[in-house]
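# Summary of structural features
Given next are the chains, with one letter for each unit.
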Amino acid sequence: MSLFGRVLVANRGEIAVRLCRTLRRLGIVSVAVRTPADAGALHVEVADEVIALHDGGYLDAAAIVEAARRVDADAVHPGYGFLAESPRLAGACAEAGIVFVGPPQDVIALMGDKIAARAAAAAAGLPVLAGVGEPGRSDEQLIAAAAAVGFPLLVKPAAGGGGKGMRVVRHPAALSSELAAARSEALAAFADDSLLLERLVERARHLEVQLLADRHGSVVSLGLRECSLQRRHQKVIEESPPASPVPAEVGAAMERSAVALARGCGYVGAGTVEMIVPVDDLSGWCFLEMNTRLQVEHAVTEAVSGIDLVEWQLRVAAGEPLARPLAPAPPGGHAVEARLYAEDPARGFLPTGGRVLALRLPAGEGIRVDAGVAAGSSVPRDYDPLLAKIIAHGATRSDALERLRQALAGTSVLGMATNLSLLADLLEDPDVRAGRLDTARIERRPPAPSAPAGGQSGASPTDLLAAVALALVGAGGSHARDPWELEDGWRVGVPAWRAIRLRLGEEAFEVRLRGLPGDCELAIGGEPPESAWARWRTGGAHAAEGRFGAGPGSEARPSSGVPPRSPAPPAPPGSLAVAPAARPAGELEVVLGGIGRRYDVAAADGRVWLSLAGRAAAVQLEPLAVQGAAAPPSGEVRSPMPGVVTSTAVPAGERVVAGQLLAVVE
């Protein structure tokens with residue numbers, strides 16, 4: 001049975017890049033879609049064809065189907081997120097005679113409704129959490145029924161996913177306001193404000209079963225994954241098999257139940273059944289939900305099973321039966337995945353975004369990277385902040401964790417704050433290394449420091465400031481104003497002290513230098529001078545400027561409406577790719593006080609970014625003399641992130657006090 005000739009990839013970012021990789025290996029033409037915000041995105045570069053959508057087009061099922069028609073696509077692959085669990089898209093594809101790579105429309109609708117999914121799971125024999133899940137219940141009815149559920153409890157949108165609209169309620173007095181907030185967010189996110197209540201398991205693990213099902217009635221389980229390390233119901237680190245052993249009879253029961261649920265509802269394609277498992281009683285597991293799509297964490301299952309899940313999604317969608325076995329020799333072992341996000345842990349994990357000035361991604365034995373960005377990529381705040389997934393595979397869990405730790409230490413993303421340091425810290429956590437995981441583990445960690453200072457090799461603020469000052473010496477005056485204003489007099493034959501003012505976090509410093517980068521003295525604040533030198537390293541740091549290319553045969557076809565483009569050569573694995581306009585940029589070797597370190601460096605807009613051992617910091621260049629006093633406060637309250645105001649808590653003109661709730665922003 002032949003596979004498809006052309007597939008429309010109805011997604012963006014790292015998942016679109018990953019789908020294109022398998023499509024190219026199978027000889028299938030990949031067609032990317034893009035909105036105006038993604039005109040220069042990496043997934044646009046790696047696809048064989050590209051077609052433009054309007055703003056918001058990723059969420060427009062009709063626009064996706066029309067795009068598939070225009071490029072004569074045989075199938076639409078939705079990836080995950082956006083329309084991946086949309087009955088509308090599956091139905092629209094069926095009406096247009098285009099194959100939807102996923103389960104049937106009615107199955108997506110059934111499992112997408114949390115209330116209906118609970119009922120289907122219970123009917124298939126799966127245990128479900130205590131809760132109230134009848135459709136159409138008002139706030140008053142839910143409040144009246146909450147006592148039977150018990151506190152603490154979880155408020156969940158019936159049509160929700162990805163943690164949106166979920167609220168933890170610990171006391172009855174807070175339930176009314178949390179129901180109102182959850183309804184508002186659910187309506188904005190899913191156009192459906194139906195809610196259900198479920199008993200909250202305080203110390204729980206999140207385990208899930210990966211399934212594949214064909215159109216001929218066969219359903220197979222590909223084992224368990226653990227996704228217990230979460231932040232605000234969003235997974236951060238995942239692994240397969242689970243971090244700590246699950247009794248064989250418990251794991252087998254989970255897999256049998258998941259298969260029964262999929263078979264009972266007529267499932268087709270790749271899907272995941274998720275379970276909530278009390279830490280102190282693994283036999284007390286309960287059904288959580290079923291995701292009717294490929295999961296973000298699918299790579300860890302691929303690593304330990306040897307199966308390309310995207311390939312089998314396509315084969316099943318084309319009508320092929322599941323083969324026995326699916327892979328000739330499963331590699332086994334253990335795999336761990338870390339999600340790299342454009343978000344700032346020091347500011348409550350607010351999404352960041354911006355331009356990737358320089359990028360170093362890891363490579364090596366047992367390391368896989370699914371990335372959606374390259375050096376020079378713009379990371380818009382319009383979409384999910386996932387930049388890349390870094391996956392490590394080893395013979396044992398300890399091997400995989402160590403490989404992942406080293407991979408993160410060799411990763412640099414300069415130009416925006418990321419969660420890279422959080423990921424590195426989690427891998428050093430004794431509980432994480434021992435496999436003692438639960439879904440609240442990250443929330444129990446102390447807050448991140450507001451000013452990152454150095455990295456695993458022990459760099460201090462002094463080291464960072466010295467590196468920035470020495471990098472600027474070699475900048476060749478590329479900044480708008482010359483930072484090297486002479487503070488002292490200059491005489492023939494005597495090097496002058498040159499001063500620069502830098503800000504690291506909330507603190508400003510004056511750095512003085514005398515001499516040349518290869519041989520100079522450097523002093524910070526009132527500290528005595530130290531000998532220092534620096535040099536830009538060669539051999540790949542600047543050789544990979546521009547974008548990772550799409551490879552041979554990546555020109556757009558006339559049907560896409562986009563002119564052909566010439567792909568750039570890919571950067572060597574593990575090298576530092578630098579955006580063309582980022583200067584000074586590259587790998588800088590610095591020796592200060594006799595200790596040498598190598599930093600990845602990039603600069604733009606008066607700010608210098610440095611990365612050392614997987615930990616980044618931003619240093620701001622400031623004028624030496626600040627004129628005038630600070631402007632008085634305006635009285636405005638500005639949101640710390642872009643988003644939708646889902647509710648306001650105060651009327652105009654009301655006096656407010658510090659700490660008072662003003663509004664909710666999604």
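What comes next concerns the included structure.

Definitions and cut-offs
- Residues numbered from 1 in each chain as written.
- Predicted model: local features only at pLDDT ≥ 70, side-chain atom pairs only at ≥ 80, totals over all residues.
- Heavy atoms only, no water.
- Phe/Tyr/Trp six-rings, centres within 6.5 Å; stacked < 30°, edge-to-face > 60°.
- Helix = DSSP H or I, 4+ residues; strand = E, 2+ residues; numbered from the N terminus.
- Lys NZ or Arg CZ within 6 Å of the ring centre and 35° of its normal.
- Pairing = 2+ DSSP bridges.
- Axes fitted to C-alpha atoms, helices over the stretch in contact; angles between N-to-C directions.
- Contact = heavy atoms within 4.5 Å.
- Salt bridge = Lys/Arg side-chain N within 4 Å of Asp/Glu carboxyl O.
- Buried < 20%, exposed > 50% of the residue type's maximum accessible area, 1.4 Å probe, protein only.
- Core = buried A, V, L, I, M, F, W, Y, C linked by side-chain atoms within 4.5 Å.

## Focus on the packing of aromatic side chains
Throughout the structure, instances matching the rule amount to three aromatic pairs. Judged by centre distance (6.0 Å) and plane angle (80°), the ring pair of Phe-82 and Tyr-383 falls under edge-to-face. Of this pair, Phe-82 sits in the loop between strand E4 (75–77) and helix H4 (87–96) while Tyr-383 sits in the loop between strand E21 (378–379) and strand E22 (386–394); the two residues are 301 residues apart in sequence, bridging distant segments of the chain. Three or more aromatic residues joined by ring pairs form one cluster here, namely Tyr-58, Phe-82 and Tyr-383. In this structure, Arg-512 is placed above the aromatic ring of Trp-497, and the distance from its NZ or CZ to the ring centre is 4.7 Å.

## So, the sheet that holds E22
Read across the open sheet, the eight strands follow the order E14-E13-E10-E11-E12-E15-E22-E20; overall the sheet is antiparallel. The sheet is open, and its two borders are formed by strand E14 (286–291) and strand E20 (367–371), each paired with just one other strand. Neighbour-to-neighbour, the strand axes of this sheet turn through a mean angle of 25°, independent of strand direction. Summarising the sheet, strand E15 (residues 334–341) and E22 pair through eight bridges and their orientation is antiparallel. Among the inter-strand pairings, Leu-340 is bridged to a residue of E22, identified as Ala-388. In the packing of helix H12 (residues 397–409) onto the sheet, the strands contacted are strand E12 (234–240), E15, E20 and E22, and the crossing angle to E22 comes to about 140°.

## Description of the pattern of salt bridges
Taken as a whole and judged by the stated rule, the model has 50 salt bridges. Across the pair Asp-431 and Arg-441 runs a salt bridge whose closest N-O atoms are separated by 3.5 Å. On the criterion of sequence distance, the pair formed by Asp-431 in helix H14 (residues 430–434) and Arg-441 in the loop between H14 and helix H15 (461–473) is long-range, its members being ten residues apart. A residue is classified by how much of its surface remains accessible, and Arg-441, at 10% relative accessible area, is buried.

## A closer look at the nonpolar core
By size, the foremost hydrophobic cluster in this structure holds 41 residues, and its most contacted members are Leu-212, Leu-314 and Leu-326. Those elements giving two or more residues to this core turn out to be strand E1 (6–9), helix H1 (13–25), helix H2 (42–46), strand E11 (219–231) and helix H11 (309–317). With sequence-adjacent residues up to four places away left out, Leu-326 is seen in contact with Leu-212, Val-220, Leu-222, Ile-307 and Trp-312.

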